[in-house]
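# A closer look at the structure
Here are the chains, one letter per residue:
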There are 2 protein chains.
Amino acid sequence: MENLFAQRLENLRGMMRSHGWDAVIFTGSDPHNSEYPAERWKQVRWLTGFTGECGDVVVTLDHAGLWTDTRYFIQAGTQLAGTGVELHKMRVPGQVSIPDWLPLKFDGGNEVFIAVDGLCIGAGMVREIIDKLAAAGVQCNVVSVPDLLSALWTDRPSVPQTPIFTVDPGEDRQSKIARLRGWMGEKGADWCLVSALDEIAWLLNARASDIEYNPLVISWLLVGRESVDWFVLKDDIDDGISEKAFDEVGADGVELHPYADIEEALMDLDGTVALDSGRLNWHLYNISAKGSILDCQNPVAWWKAVKNPTEIAGMRAAHVQDGVAMEKFIWWLEKCMENEKRISEWDAAVKLGQLRAEIPEYRGDSFETICAYGPGAALPHYITPSVDAPVLEPHGLFLCDSGGQYCGERFCGTTDITRTTPLGPCTPLEMEDYTLVLKSHIDLAMAVFPKDMATCRLDAFAHMPLWRSKRDFGHGTGHGVGYFLGVHEAPPDFRQNMDGRPLKAGLIHSDEPGIYREGMHGVRHESLLLCKDAGTNEFGSWLCYENITLCHIDTSIVVKELMSADELAWLNAYNAHVYAVLAPLLPAQVAEWLRTKTEAIQ
Amino acid sequence: MENLFAQRLENLRGMMRSHGWDAVIFTGSDPHNSEYPAERWKQVRWLTGFTGECGDVVVTLDHAGLWTDTRYFIQAGTQLAGTGVELHKMRVPGQVSIPDWLPLKFDGGNEVFIAVDGLCIGAGMVREIIDKLAAAGVQCNVVSVPDLLSALWTDRPSVPQTPIFTVDPGEDRQSKIARLRGWMGEKGADWCLVSALDEIAWLLNARASDIEYNPLVISWLLVGRESVDWFVLKDDIDDGISEKAFDEVGADGVELHPYADIEEALMDLDGTVALDSGRLNWHLYNISAKGSILDCQNPVAWWKAVKNPTEIAGMRAAHVQDGVAMEKFIWWLEKCMENEKRISEWDAAVKLGQLRAEIPEYRGDSFETICAYGPGAALPHYITPSVDAPVLEPHGLFLCDSGGQYCGERFCGTTDITRTTPLGPCTPLEMEDYTLVLKSHIDLAMAVFPKDMATCRLDAFAHMPLWRSKRDFGHGTGHGVGYFLGVHEAPPDFRQNMDGRPLKAGLIHSDEPGIYREGMHGVRHESLLLCKDAGTNEFGSWLCYENITLCHIDTSIVVKELMSADELAWLNAYNAHVYAVLAPLLPAQVAEWLRTKTEAIQ
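Residues numbered from 1 in each chain as written. Chains lettered and ligands numbered in written order. Predicted model: local features only at pLDDT ≥ 70, side-chain atom pairs only at ≥ 80, totals over all residues. Heavy atoms only, no water.

Another aspect to go through is the packing of helix 12 (residues 309-338) of chain B against helix 13 (residues 345-357) of chain B. Residues and elements named next belong to chain B. Interaxial distance between helix 12 and helix 13 falls to 9 Å at its minimum, and their mutual angle equals 145 degrees. Both helix 12 and helix 13 take part in a crossing whose hand is right-handed. In contact with D322, A325, M326, K328, F329, W332 and L333 of helix 12, helix 13 contributes D347, A348, K351, L352, L355 and R356. Its residues assigned to classes, the contact of helix 12 with helix 13 comprises 8 nonpolar, no polar and 5 charged. (Axes fitted to C-alpha atoms, helices over the stretch in contact; angles between N-to-C directions. Helix = DSSP H or I, 4+ residues; strand = E, 2+ residues; numbered from the N terminus. Left-handed = near helix turned anticlockwise from the far one by under 90°. Contact = heavy atoms within 4.5 Å. Nonpolar A, V, L, I, M, F, W, Y, C, P; charged D, E, K, R; others polar.)

On to the confidence of the model for chain A. Chain-level pLDDT for chain A is 95 on average; 100% of the residues reach the 70-or-more range. In the predicted assembly, ipTM is 0.90 and pTM is 0.92. (pLDDT = per-residue confidence, 0-100.)

Further remarks concern the pairing of strand 16 (residues 370-373) of chain A. All names here are of chain A. Every second residue of strand 16 is oriented toward a common face, with I370 and A372 on one face and C371 and Y373 on the other, all of them buried. Where strand 16 lies against strand 17 (residues 397-402), 4 bridges are found, and the strand directions are antiparallel. Across the sheet, the residue bridging to C371 is C400, located in strand 17. (Buried < 20%, exposed > 50% of the residue type's maximum accessible area, 1.4 Å probe, protein only. Pairing = 2+ DSSP bridges.)

On to the sheet that holds strand 13 (residues 272-275) of chain A. All names here are of chain A. With mixed pairing, the 6 strands of this open sheet are ordered in space as 12-11-10-8-13-14. Taken across any chain shown, the strands that pair with only one partner, and hence form the sheet edges, are strand 12 (254-258) and strand 14 (292-295). Taken pair by pair, the neighbouring strands of this sheet meet at an average axis angle of 25 degrees, ignoring direction. The pairing of strand 10 (residues 220-224) with strand 11 (residues 228-233) spans 4 bridges and is classified as antiparallel. Residue pairing for strand 11: W220 is matched across the bridge by F231. Running over the sheet, helix 6 (residues 173-187) touches strand 8 (191-194), strand 10, strand 11, strand 13 and strand 14 and is turned about 60 degrees from strand 10. Against the sheet, helix 7 (residues 197-204) engages strand 8, strand 10, strand 11 and strand 12, with an angle of about 55 degrees to strand 10.

All right, on to the pairing of strand 6 (residues 139-144) of chain A then. Residue and element names in this part refer to chain A. Sheet topology note: the strand 5 (residues 111-116)/strand 6 ladder contains 6 bridges and is parallel. In the strand pairing of strand 6, A115 is matched with V143. Each parallel crossover has a hand, and for strand 5 linked through helix 5 (residues 123-135) to strand 6 it is right-handed. (Right-handed = clockwise from strand over helix to strand, strands pointing away.)

Another aspect to go through is the state of the cysteines. Applying the stated rule across the entire model yields 2 disulfides over all chains. Across a sulfur-sulfur distance of 2.3 Å, C407(A) and C412(A) are joined as a disulfide pair. Here C407(A) and C412(A) share a disulfide; its torsion about the S-S bond, 40 degrees, makes the bridge right-handed. In terms of burial, C407(A) and C412(A) fall into one category: buried. Of the cysteine sulfurs around C400(B), a residue in no disulfide, the closest is that of C371(B), at 3.9 Å. On the basis of relative accessibility, which here comes to 2%, the residue C400(B) falls in the buried class. Here C544(B) stays free of any disulfide, with the sulfur of C531(B) as its closest cysteine sulfur at 7.6 Å. (Disulfide = S-S within 2.5 Å.)

Let us now look at the side chain of K439(B). Residue and element names in this part refer to chain B. Mapped onto the elements of the fold, K439 is located in helix 14 (residues 428-446). Judged by its relative accessible area of 11%, K439 falls in the buried class. If we ignore the near neighbours within four places in the chain, the residues touching K439 are P465, L562, M563, S564 and E567.

Turning next to the interface of chain B and chain A. On the chain A side, the residues contacting the 33 residues of chain B number 33 residues. Taken together, both faces of the contact between chain B and chain A bury some 2,900 Å²; the carbon and sulfur share is 63%. Considering only the side of chain B, the residues that lose the most area to chain A are R457(B), K470(B) and F539(B), jointly responsible for 27% of the buried surface there. If you look at where chain B meets chain A, you find 4 salt bridges. The salt bridge involving D459(A) is made with R457(B); its shortest N-O contact spans 2.8 Å. Our count for the chain B to chain A interface comes out at 8 residue pairs in polar contact (both at pLDDT 80 or more). Residue assignment for the side of chain B that touches chain A shows that the elements contributing at least two residues are helix 14, strand 21 (448-450), helix 15 (455-467), strand 25 (514-517) and strand 27 (527-537) of chain B. (Buried area = accessible area lost by both parts, 1.4 Å probe. Salt bridge = Lys/Arg side-chain N within 4 Å of Asp/Glu carboxyl O. Polar contact = N/O pair within 3.5 Å; in protein donor to acceptor, adjacent residues only side chain to side chain.)

A word on the nonpolar core. If you look at the biggest cluster of nonpolar residues, it comprises 166 residues, and the most contacted ones within it are F329(A) and F329(B). Not counting chain neighbours up to four residues away, the residues in contact with F329(A) comprise A348(A), K351(A), L352(A), L355(A), C371(A), F398(A) and C400(A). (Core = buried A, V, L, I, M, F, W, Y, C linked by side-chain atoms within 4.5 Å.)

What follows concerns the packing of aromatic side chains. For the structure on display, the rule yields 31 aromatic pairs over all chains. Taken together, a centroid distance of 5.4 Å and an interplanar angle of 15 degrees make the contact between W46(A) and W153(A) stacked. In this pair, W46(A) sits in helix 2 (residues 43-48) while W153(A) sits in the loop between strand 6 and strand 7 (165-166), placing the two residues 107 residues apart along the sequence. Taken as a pair, W46(A) and W153(A) share a single burial class, namely buried. Pairwise contacts between aromatic rings join F329(A), W332(A) and F398(A) into one cluster. Residue placement shows K89(A) over the ring face of F73(A); its charged tip is 4.9 Å from the ring centre. Looking at K176(B), its charged tip hangs above the ring of W202(B), at a distance of 4.1 Å from the centre. (Phe/Tyr/Trp six-rings, centres within 6.5 Å; stacked < 30°, edge-to-face > 60°. Lys NZ or Arg CZ within 6 Å of the ring centre and 35° of its normal.)

It is worth spelling out the environment of G514(B) at this point. All names here are of chain B. Tracing the sequence through the fold places G514 in strand 25. When its relative accessible area of 0% is taken as the criterion, G514 is described as buried. Those residues in contact with G514 that sit more than four places away from it in its chain are V437, L466, D472, F473, V523 and R524.

In this structure, R524(B) sits in strand 26 (residues 521-524). At 2.7 Å, the side chain of R524(B) forms a polar contact with the side chain of D401(B).

On to the packing of helix 12 of chain B against helix 17 (residues 588-597) of chain B. All names here are of chain B. Relative orientation of the contacting elements helix 12 and helix 17 amounts to 85 degrees, with a least axis distance of 10 Å. Regarding the angle of helix 12 to helix 17, the classification is roughly perpendicular. Packed against helix 12, whose contacting residues are E327, K328, I330, W331 and E334, the element helix 17 presents Q589, V590, W593, L594 and K597 at the interface. Tallied by class, the residues present in the contact of helix 12 with helix 17 amount to 5 nonpolar, 1 polar and 4 charged. (Parallel < 35°, antiparallel > 145°, perpendicular 65-115°, else oblique.)

Before going further, it helps to spend a moment on a negative patch on the surface. Residues D235(A), D236(A), D238(A), D239(A), E243(A) and D247(A) make up a contiguous surface patch of negative charge. In this structure, E243(A) sits in helix 8 (residues 242-251). (Patch = residues over 30% accessible without salt bridge, like charges linked within 9 Å, V, L, I, M, F, W, Y side chains within 5 Å. Areas by Shrake-Rupley, 256 points an atom, 1.4 Å probe, with all protein chains shown as cover. Lys, Arg positive; Asp, Glu negative; His and termini not counted. Charge placed at Lys NZ, Arg CZ, Asp CG, Glu CD.)

Residue and element names in this part refer to chain A. The 3 strands lie next to each other as 16-17-20, forming an open sheet whose pairing is antiparallel. Edge positions in the sheet fall to strand 16 and strand 20 (417-422), since each has one partner strand and no second. Within this sheet the neighbouring strands show an average axis-to-axis angle of 10 degrees, counted without direction. Of the pairings in the sheet, the one linking strand 17 to strand 20 comprises 6 bridges and is antiparallel in character. The residue bridging F398 from the neighbouring strand is T421, located in strand 20. Those strands touched by helix 12 (residues 309-338) are strand 16, strand 17 and strand 20, and its axis lies near 20 degrees from that of strand 20. This element, helix 13 (residues 345-357), spans strand 16, strand 17 and strand 20 of the sheet and lies at about 145 degrees to strand 16.

What follows deals with the relation of the copies chain B and chain A. Two copies of one chain are present, and they are related through a rotation about an axis combined with an axial shift. In the superposition of chain B on chain A (RMSD 0.1 Å, axial shift 0.0 Å), the rotation amounts to 180 degrees. What the rotation and shift describe, once combined, is the action of a two-fold rotation axis. The residues that chain B uses at the interface reappear at the interface of chain A in 100% of cases, marking a shared surface. (Least-squares fit on C-alpha atoms with pLDDT ≥ 70 in both.)

An α-helix turns once every 3.6 residues. As a result, residues three or four positions apart point the same way. All names here are of chain B. In a regular helix each residue adds 1.5 Å, so 15 residues correspond to 21 Å; helix 6 (residues 173-187) covers 21 Å between its end C-alpha atoms and thus fits that length. Within helix 6, burial applies to R173, K176, I177, L180, W183 and M184. For helix 6, the buried positions fall inside an angular range of 115 degrees around the axis, keeping them on one side. Backbone geometry just after helix 6 places G188 at a positive phi near 75 degrees. (Expected span 1.5 Å × (residues − 1). Arc of directions from axis to C-beta.)

With that out of the way, let us pick up the pattern of salt bridges. Pairing is possible between side chains that carry opposite charge, provided their charged atoms lie close to one another. Within this structure, the stated rule accounts for 78 salt bridges over all chains. Residue K335(B) pairs with E338(B) through a salt bridge whose shortest N-O separation is 3.4 Å. Separated by 3 residues within a single helix, K335(B) and E338(B) lie in helix 12, roughly one turn from each other. A network of salt bridges, in which partner residues are shared, links E432(A), D433(A), R471(A), R517(A) and E538(B).

This is the structure in structure tokens:
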């Protein structure tokens, strides 16, 4: 029997021939440029079988290629075998991106017809493709077919719809809309099209579970000078819960419309609409661009990033409960090792989920839990397999990166934490790597720096303890975390890329340096830092951090000679603080264990 | 009697009236955009009496203003009294630059006539003025009059001409010219106009003393695909020494022309000329722009910044000799204090110059020596007064920032060093500031970091020991230093400005953090760091630094509790190295004193 995906590819090519298309492009994006697309928009997976989070596909009549980055080369190699899809490597020297590859492919032609699902490809990418083909003398005709793949994907899932509810994060939606209208007034915009789901959720104080790990409502928002139109109604939203939310937003002047009606609304707009073509899909961009547009980023991402006192209190409270689950988990893990119990990475991930689920406010994980033992931990984006997962052994390092979404009576918030735990004796190299990553982690947490510092300037500082011994990690040092929203928010985007965006009091971002040694081990320490005002003096205005994550850091394999006195003092104070806050909330035997785990080291 | 400068201003206004000029602009720049203009081009000083290194003047029929920055506010206030020139403050919140001020001044007018000495104003500034006036609805007619001020400044000095000689820095001029032609070929340029004096000196391996502190030849260089034209001959270059240099460059195919003939040469050019309008003067830019120009930076500044092995050896050797002078100086200073000898800051500066002059290769200072005691040291750009200089007292901190230009039989090179020395008991705050600045200085010197790191990313790292106690300094952390060329070279330009230019092996730059407390004291520690290859491993390619400056760092007021073990180890090793290298070259009693000064502290 022929490969399922090869067959799908052939069916697609039949469609291409009948329409006269030279190429079809599918991206991993949904219509909202979301980090996690819903099942309906996992088109690359359906077509090729590739399950990585990042991948775009180009199909021509004689070639099919998947573009993905270093993280997924091995996985893509395995999953694409027999499909007829070839791997195109990105983030490597000499990489050829899709917009660069197409002119090579169609070199010498006069014109090409390229079909896309205009809803699921960014306007920026399409424009780059058109421009680069034009520069090569090839006229590119883009045929935009919304839901293009549905003709072949007969059992394609529909747009998700889960009950919608509201939250009270310390600023009401009328205030937020008024802020946005103030900005629109300054910019001379009559309308603002908000397409990013977390920005809509933040503006309307509304949440749902339409997307895995993300409490978001798949919808569009069109804010006018005097109107707010929310394109949210799907086939059957009559769930009993959402009504209350709709009543509430309706009372604030928000008008509800069917999800798909955004197209018609954009067609009928008078005046100038502010939108961000860098993040909007090609289909809606084209409709909007028939009128007058103001192409720029709206300030919502920034407003959302700076947490208010209610949000900060919620995040702190969520971290107390999350810390309780984490301490119970590490205690359980140690007991399993002591009792020579056979547990796999997957068993550990399941256990942690169960412990978080004991918290009344728990609404699910904030991303897929990574439990990785030994060599698995050397892959920063390891996916813990549910079947045949590696079994933990009572030596070496175990890395667990996880987080929860919380919302309930007492608090709402989002967490993201990584602890690397020794399961028994460790090698000198494991201990050294563990300690150097810890130094990096602590040094950033201890930093004091001028107001409005650009993250990229502080980033090198966070790497230095590793660099001194010529070690490093390839991912970002930190990312913003939402208030019961996405666990990966930007800004802030804490990495080396030249990015002048400033650090401000109220931002919350992760601090997660690491070291990864292929085939050996991986270390990462991650907590969330709250950026706080540290006063003004004759030398300027200052910011510092508060570590809001609460889970002890294991001291048993710290190489004390590598730590400065300041770093040791920070570590002891942090562990003492964790014990003081969490012990009263833990079962007696876990609390007693935590007391020993948090004893100061000299 | 009326103020001399008020009189000059009135004479200028007479000239303006007779020509119908609404405004005249003078900048502090020379035709080559040099950091240190020769006397002939100190037009702002002649017109207003202001002697600061940075200042531009605008004169209208009813206003005269000097634009300068924070460093010079006090000085300008004093020097401008009675002249009728008003101070316009730059680098302050709400600053209004000249291009922003002119539209306010001429608001409502239809057109203005602004006269400039086109040779002494940058093309970029003139274009900004024209654009900003146009945006305000005012047509700006720029009247460019080369040497405009000469009509009033009757005893104006001529263009300097000092003997020209050649150097042998490890790469001959034919090789350098070939490199430049390679770049021109890539860019499609037929000509490259080199206007920066240090780039000309580097390309031709030629030096002179036309500019104070800078061994440069005032000239123009026009490199063609097959010709090299050097516009260097002034009124009387027949000095006996220059002939040898001219013979040598002539043998390499360099054709000599009178200095002023550059204008005619540019007028007659066929083909595309590469030039940098950001640094070229308005007059030559306009002549060039009549033809085809390629407006970009040439790569010479980068090539010059990366020192070759000969240059590195020269710089190291220069620092050995410079260190001998510095140690003799600090020894002398201590003895003066012990013997209660009355010496002023100026006496100290003179003494240091005498000690450097004992070195056969000494060609002069690389900038004006700063000797500053107590509150004077709180001004980062203090100028030691030759008359009534403050007298040193046997307590508190003395800051000395100085450098030499060396070229002779054994070596060539340029130095720049700052040492802050306790002259006796110090306050706890002086000691703490001294120690924190030392930590910053050492931390950067110890840094290991990935190849091609941007300086602005590493800059925050160098500030962190100060930031942790909410202290900071407002100047750059470091600047490039030439090989027997300018002491302030860029790149590298080590400061917070977002600047993606990479650090590379072979660069030499200063490491000079500080703390300045107005009315109290100032601390700065400065050495030159050579950026070196530190190997490649699985995590990447690495760079590190070698401190090439040789002069002990006083340990008597180091607050040891503030230093990390690494920092103390670095300090002890550095001082031991200084002693080992310099002791054999010092008189016995100074060597013995240095032994005690460089004893390790625990």
